[in-house]
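# Fold and contact review
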Amino acid sequence: MHLRIFTEPQQGATYDTLLTVAKATEDLGFDAFFRSDHYLAMGSADGLPGPTDAWITLAGLARETSRIRLGTLMTAGTFRLPGVLAIQVAQVDAMSGGRIELGLGAGWFEGEHQAYGIPFPKEKFARLEEQLAIVTGLWSTPVGETFSYEGAHYRLTDSPALPKPAQDRVPVLIGGHGATRTPRLAARYADEFNIPFASVEDTERQFGRVRAAAEAHGRRPDDLVYSNALVVCVGRDDAEVARRAAAIGREVDELKTNGLAGSPAEVVDKIGRYAAVGSSRIYLQMLDLSDLDHLELISAQVQSQLG
């Protein structure tokens, strides 16, 4: 089981804050640093000093870290044209020495589109499917050949399909709770399937759908990595758990039900339940980015017990 750190900077974080957390992620032995791709705070957060762009952030971190994987959960397909996104990700992958992973989703938060003048199309899933075909098609086109695509939403003509990523294949993550189209899309394009904020039972059910879709597509189900994203709140004792829960505006009982919360032993036990249904990576949603002691505790007393 690999633990990855997952941040939500739209709730309020500077680049320097994200850099501090990313460096701690690397120093403490975690597998990766991921971030969301949003431009508007959610809930009661003020979002100050304002949003940071996911791929500009990752470009900076690519030059200031050396080991950890870097990526998005999930890049919003509505924010970027697929040809431009393919260039951006390939460039940041080269800047990192081949440590980038692309989580790509359809986009869903209409309010942030309205706030920043970004078109919010009615049909997003069909666009996502075309975006995946274009991004992966551009990267896989041999150097010296061109790539063309004729879709309902995007058209590319004789693209030189450059630049190429440093990796032979940038891992593509697809995720969600959809019962039919999402597993089918993952079976066709994904290297990893991620289900966010789901119970063990719902995780097992969705992983089963993806495995069945992969087999129907002619892939071995075990060729995909299966992962979860879960909020985390760990404490050495009940008082510390309660303090961390209060800091992120959540209740302890709710966090224990819907996330990974409690003592290190409780969290290790629950992670084991996810592992038993096929999960091999957990993205730990860290909502208080100022609490580096939290990261240290998870590294010392949770990660150390996971082999």
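Bear in mind that the values here come from a model prediction, so they are computed numbers and not experimental data.

Another point: the pairing of strand S12 (residues 281-286). Counting buried residues along S12, 6 of its 6 residues qualify, which places the element largely inside the surrounding structure. Of the two faces of S12, the one lined by Arg 281, Tyr 283 and Gln 285 and the one lined by Ile 282, Leu 284 and Met 286 are each fully buried. Across 6 bridges, the pairing between strand S1 (residues 2-7) and S12 is parallel. The residue of S12 that forms the bridge with Phe 6 is Gln 285. Examined bridge by bridge, strand S10 (residues 225-234) and S12 share 5 bridges and lie parallel to one another. Among the inter-strand pairings, Val 231 is bridged to a residue of S12, identified as Gln 285.

In this section: the nonpolar core. Of all hydrophobic cores here, the largest spans 74 residues; its most connected members are Leu 3, Trp 55, Trp 139, Leu 260, Leu 284, Ile 298 and Val 302. Sort the elements by how many residues they give to this core and helix H5 (residues 125-140) lands first, with 8 residues. Apart from residues lying up to four places away in sequence, Val 302 is in contact with Leu 3, Val 234, Pro 264, Val 267, Val 268, Ile 271 and Leu 297.

What follows deals with the pairing of strand S5 (residues 100-105). Counting buried positions along S5 gives 6 out of 6 residues, so the element sits mostly inside the fold. Summarising the sheet, strand S3 (residues 69-72) and S5 pair through 2 bridges and their orientation is parallel. Paired with Leu 70 across the strands is Ile 100, a residue of S5. Relative to S5, strand S4 (residues 75-76) is paired through 2 bridges, and the arrangement is parallel. Bridge pairing links Ala 76 to Gly 105 in S5.

Moving on, we get to the packing of helix H3 (residues 82-96) against H5. Two elements in contact, H3 and H5, have axes whose closest approach is 9 Å; the angle formed by their N-to-C orientations is 45°. Classified by the interaxial angle, the pair formed by H3 and H5 is oblique. For the pair H3 and H5, the sense of crossing is right-handed. Residues Pro 82, Gly 83, Leu 85, Ala 86, Val 89 and Ala 90 of H3 pack against Gln 131, Ile 134, Val 135, Leu 138 and Trp 139 of H5. The residue makeup of the contact of H3 with H5, split by class, is 9 nonpolar, 2 polar and no charged.

Applying the stated criterion across every chain yields a total of 1 cavity of 30 Å³ or more. The volume enclosed by the largest cavity comes to roughly 60 Å³. Taken together, Val 232, Cys 233, Arg 244, Ala 247, Ile 248, Met 286, Leu 287, Asp 288, Asp 291 and His 294 form the lining of the largest cavity. Considered class by class, the residues forming the lining of the largest cavity number 6 nonpolar, 1 polar and 3 charged.

If you check H3, its first and last C-alpha atoms are 21 Å apart, about what 15 residues at 1.5 Å a residue would give, namely 21 Å. Residues of H3 that are buried: Pro 82, Leu 85, Ala 86, Val 89, Ala 90, Val 92, Asp 93 and Ser 96. Viewed end-on, H3 has its buried residues packed into an arc of 165°, placing them on one side of the element. Looking one or two residues past H3, Gly 97 carries a phi angle of roughly 75°, positive in sign.

Estimates place the volume of the largest pocket at around 1,200 Å³. Lining the largest pocket are 45 residues, with Glu 8, His 38, Trp 108, Phe 197 and Gln 285 sitting closest to its centre. Those elements that place two or more of their residues in the lining of the largest pocket are S4, S5, H5, strand S8 (172-175), helix H6 (181-189), strand S9 (192-196), S10 and S12. Of the residues assigned to the lining of the largest pocket, the class counts are 22 nonpolar, 19 polar and 4 charged.

Turning next to the side chain of Glu 192. Mapped onto the fold, Glu 192 is located in strand S9. Looking at Glu 192, the relative accessible area reads 2%, which means it is buried. At 2.7 Å, the side chain of Glu 192 forms a polar contact with the side chain of Ser 227. At 2.9 Å, the side chain of Glu 192 and the side chain of Tyr 283 are in polar contact.

Criteria and cut-off values
- Within each chain, residue numbers correspond to sequence positions counted from 1 in written order.
- For a predicted model such as this one, the threshold for reporting local features is a pLDDT of at least 70, and the threshold for listing and counting side-chain atom pairs is 80 or more; totals across whole chains, interfaces and linings nevertheless cover every residue.
- Only hydrogens and water are set aside; all other atoms, that is, all heavy atoms of the structure, feed into the side-chain values.
- A simple rule labels every residue: compare its accessible area, found with a 1.4 Å probe on the protein chains alone, to the largest value its type can have, and call it buried under 20%, exposed over 50%, or partly exposed in between.
- Per the convention used, a helix needs a DSSP run of H or I reaching at least four residues, while a strand needs a run of E reaching at least two, with both numbered from the N terminus.
- Between any two strands, at least two bridges found by DSSP are needed for them to pair.
- As used here, the term nonpolar core means buried Ala, Val, Leu, Ile, Met, Phe, Trp, Tyr and Cys residues forming a set that is joined through side-chain atoms within 4.5 Å.
- When checking whether two residues touch, look at their non-hydrogen atoms; a contact exists if any pair is within 4.5 Å.
- To get an axis, fit a line to the C-alpha atoms, keeping to the stretch in contact for a helix; angles then go from 0 to 180 degrees between the N-to-C directions.
- An angle below 35 degrees is read as roughly parallel, one above 145 as roughly antiparallel, one from 65 to 115 as roughly perpendicular, and any other as oblique.
- Less than a right angle of anticlockwise turn of the near helix away from the far helix marks a crossing as left-handed, whereas a clockwise turn marks it as right-handed.
- Each residue gets one of three labels, nonpolar for Ala, Val, Leu, Ile, Met, Phe, Trp, Tyr, Cys and Pro, charged for Asp, Glu, Lys and Arg, and polar for the others, Gly among them.
- Definitions used for this entry: grid spacing 1 Å over protein atoms alone; cavity, a set of points where a 1.4 Å probe fits but cannot get out; pocket, an open set with protein on both sides within 12 Å along at least 5 of 7 lines; lining residue, one with an atom within 4 Å of a point.
- Grid points are joined across faces, edges and corners, and a volume is the space filled by probe spheres set on the points.
- Expected helix span is taken as 1.5 Å per residue step, with the number of steps being one fewer than the number of residues.
- Summarising the geometry, the arc corresponds to the directions from the helix axis toward the C-beta atoms.
- Whenever a nitrogen or oxygen atom comes within 3.5 Å of another N or O atom, the pair is scored as a polar contact, on the condition that within protein one atom can donate a hydrogen and the other can accept it, and that pairs from neighbouring residues in sequence are kept only if both atoms are in side chains.

Any link to function would need more than the numbers given here.
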